[in-house]
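The chain contents come next:
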Amino acid sequence: MHTAFRTDDPARHDEAAIRGRFRRMLGIPDLEIEVHAVSHWEFEGVVARRQRKGPVFQAGNAAHRHPPTGGLGLNTAVQDVHNLVWKLDAVLSGQASDVLLDTYETERRPVGEFNVRHCLTNAGGHARIATALGLRADQSEEEGWAAVTEWLAETPEGEAKRAAVAEAVASNADDYSQLGVELGYHYESGALIPDGTSAPERKHPLRDHVPTTRPGHSLPHAWLSHGGSRESVHRLIAPRGLTLLVDAEHAPRWESAAQAVAETGATGATGATVHVRAIGSGAEWTDPTGEWTALREVGGDGAPLVRPDRHIAWRAPSWTDDRPAELGRAVHSVLGLQPAHPN
């Protein structure tokens, strides 16, 4: 069971008082309760100074802790791991250098800091709802129930109070309607090549999510057709190596460029794998509704380069004669490698 005490209330350490509170909550005054353990959770926002030190990496609650308001604890932890595991695999398999692992902290720590601040702010928003409901910390239990009764009453006063509570709940939408936080989080530096563009504008930065293929952002979801079934474009992203999403018409030239990257190799590492996934007429994957075409933000002869965690590493708005060399530099930069034969 769970209950809340003020930090200066001595009853929070009194097992008899705790049992009494639970009996009142359940409405069973003579209930026998055996206490095995009492633990105290403290309201806090904490971020580790470092998320990497040598071969040790911190993720999840070891790296950041915050109140549950907003429900971002597990989200942030899974994002940490999703970011880290493909980098560990790339280094251990010889496709990347140890430099890539430094980008874990570069990318994830700012997100952790933001989410901690956001959840602390969310928690403060609940006070507005309690105030609108007529609940105060200094009132008696009877006064609290009287406020709730007035809120439920079919009277002009009750109607006014319900309207005030509804307005307070709506004002706290950043707590429970936060797609901009959950899906719009992105990286400005790290294992990516910025292209000089700005992040898309959002009317409500915390609530609105605007899909984009800007480097550092998550690959937008779009439905494609594959073998007669509907599949997400996310299914095309390889779990190892990097993935180029290209139009079927221009796939051959991108495949040649990707093969050149693999053959170039790098000092102290094997060739970097770049998977080319064709979408369009004549390919296994097609875009019958044009949904992917509308979201990709590059021309038909362009291509986004996607990491295994489905974040955009680099993108080419169109094809030029310099693209193969640019692709090679981008791949080696993202993976922390130095080309064996620089151009």
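Residues numbered from 1 in each chain as written. Predicted model: local features only at pLDDT ≥ 70, side-chain atom pairs only at ≥ 80, totals over all residues. Heavy atoms only, no water.

*Asks:* Can you help me understand the side chain of serine 232 in this one?
*Replies:* Within the fold, serine 232 resides in strand 6 (residues 229–232). A distance of 3.0 Å separates polar atoms of two side chains, one belonging to serine 232 and the other to histidine 221. Sequence-distant contacts of serine 232, that is, excluding residues within four places in its chain, are made with His221, Ala222, Trp223 and Trp285. (Helix = DSSP H or I, 4+ residues; strand = E, 2+ residues; numbered from the N terminus. Polar contact = N/O pair within 3.5 Å; in protein donor to acceptor, adjacent residues only side chain to side chain. Contact = heavy atoms within 4.5 Å.)

*Asks:* How should the packing of aromatic side chains be read in this particular structure?
*Replies:* Geometrically, a pair of aromatic rings is defined through the distance of the ring centres and the angle of the planes. One pass over the full model with this rule turns up four aromatic pairs. Relative to tyrosine 187, the ring of tyrosine 185 has its centre 6.1 Å away and its plane inclined at 65 degrees; by these criteria the two rings are edge-to-face. Grouping residues by exposure puts tyrosine 185 and tyrosine 187 together as buried. Ring centres 4.8 Å apart and planes at 90 degrees place the aromatic pair tryptophan 254 and tryptophan 319 in the edge-to-face group. Remark: tryptophan 319 occurs in the loop between strand 11 (312–316) and helix 10 (323–334) and tryptophan 254 occurs in helix 8 (residues 251–264); sequence separation between them is 65 residues. What makes tryptophan 319 buried here is its relative accessible area of 19%. Sitting above the plane of the phenylalanine 5 ring, arginine 21 keeps its charged end 3.9 Å from the centroid. (Phe/Tyr/Trp six-rings, centres within 6.5 Å; stacked < 30°, edge-to-face > 60°. Buried < 20%, exposed > 50% of the residue type's maximum accessible area, 1.4 Å probe, protein only. Lys NZ or Arg CZ within 6 Å of the ring centre and 35° of its normal.)

*Asks:* Sorry, what's going on with the pattern of salt bridges here?
*Replies:* Side chains that differ in sign of charge can pair as their charged atoms come close. The tally for this structure, following the rule as stated, stands at 22 salt bridges. As a salt-bridge pair, arginine 52 and aspartate 98 come within 2.9 Å of each other at their nearest N and O atoms. With a gap of 46 residues between them, arginine 52 in strand 2 (residues 52–53) and aspartate 98 in the loop between helix 2 (73–92) and helix 3 (99–133) connect regions that are remote in the sequence. Here aspartate 98 falls in the partly exposed class, since its relative accessible area comes to 41%. Notably, a salt bridge pairs glutamate 231 with arginine 235, separated by 2.7 Å at the nearest N-O pair. Judged by relative accessible area, which is 17%, glutamate 231 ranks as buried. Relative accessible area serves as the criterion here: at 57%, arginine 235 is assigned to the exposed category. When salt bridges with common partners are traced through the structure, they connect Lys87, Glu107, Arg307 and Asp309 into a single cluster. (Salt bridge = Lys/Arg side-chain N within 4 Å of Asp/Glu carboxyl O.)

Nothing here speaks to function; it is all geometry.
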